[in-house]
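Architecture at a glance
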Amino acid sequence: MPLFGSTFSPKKTPPRKSASLSNLHTLDRSTREIELGLEYGAPVLNIGGQSLKFEDGEWITGTESGGTVSGKEVQKLKKRNMQLEEENNLLKIKIELLLDMLTETTAESHLIQKELEDMKNRYKRKK
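Here is what the cut-offs are and how they apply
Residues numbered from 1 in each chain as written. Predicted model: local features only at pLDDT ≥ 70, side-chain atom pairs only at ≥ 80, totals over all residues. Heavy atoms only, no water. Helix = DSSP H or I, 4+ residues; strand = E, 2+ residues; numbered from the N terminus. Buried < 20%, exposed > 50% of the residue type's maximum accessible area, 1.4 Å probe, protein only. Contact = heavy atoms within 4.5 Å. Areas by Shrake-Rupley, 256 points an atom, 1.4 Å probe, with all protein chains shown as cover. Pairing = 2+ DSSP bridges. Salt bridge = Lys/Arg side-chain N within 4 Å of Asp/Glu carboxyl O. Patch = residues over 30% accessible without salt bridge, like charges linked within 9 Å, V, L, I, M, F, W, Y side chains within 5 Å.

1. Thoughts on the overall build of the chain
Looking only at helices and strands, the chain has two helices and four strands in total. In sequence order, the secondary structure elements of the chain are arranged as α-β-β-β-β-α. Taken across its 127 residues, the chain has 2% of its residues classed as buried. Within the chain, residue pairs in contact and separated by at least 24 positions form 0% of the contacts whose partners lie at least 6 positions apart. When the accessible surface of the chain is split by element, carbon and sulfur atoms take 58% of a total near 12,900 Å².

Next up, the structure:
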C-alpha cells in the first residue's frame, strides 16, 4: 500500500527526430562532386585580421608580406633560439673561468718574480 496514493508511472517519451536533415551523406561520390563542386579548396579562417590557412594537415599563418610561416617552423626556431641562448651562457661562463685562471696565474707569476728579485738582492749583499 503506497504512502502518498498511487504508484509512480512516468509518461511515454516521444520518438527522437532524425539527427541530420541533409541527405548528402547518402549520395555517391560523383553526385556529391556535381552538387558541391570538384575542388573544395583549402579552408581559410580570418580572425582579428589574422588569416589562417589549412594546408598539408596543419594551420599556416598568412603574414602581411605574403610569406607563410607554419607553427612547426616557429617551434623549430624557438627551440634553436633556446639552444643558442644556452650555448651563449655556457660560453660566458667559460670566458669568466678562463679570466679567473689567467688572473690567478698572473698573480702567481708576480709573486715568483718578486721572490726571485729578493733572492738576487740577498745574494748580492752576501758577496
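2. Examining the pairing of strand β1 (residues 44-47)
Where β1 and strand β2 (residues 50-55) come together, four bridges link them in antiparallel fashion. In the sheet register, L45 faces β2, and the bridge partner there is L52.

3. A short note on the pattern of salt bridges
Where side chains of opposite charge bring their charged atoms close, a pairing between them can arise. For the coordinates displayed, the defined rule picks out two salt bridges. Close ionic contact of K53 with E55 constitutes a salt bridge, the shortest N to O distance being 3.2 Å. Judged by relative accessible area, which is 36%, K53 ranks as partly exposed. Between E58 and K72 there is a salt bridge, with its nearest N and O atoms 3.6 Å apart. Taken together, the residues span a long stretch of sequence, with E58 in strand β3 (residues 58-62) and K72 in helix α2 (residues 71-126) at a distance of 14 residues.

4. Structural notes on a nonpolar patch on the surface
Judged by side-chain polarity, L45, I47, F54 and W59 come together as a nonpolar surface patch covering roughly 360 Å² of accessible area. Within the element layout of this structure, F54 appears in strand β2.

5. A closer look at unusual backbone geometry
A positive phi is found at D56, a non-glycine position, where the angle reads about 50°. When its relative accessible area of 79% is taken as the criterion, D56 is described as exposed.

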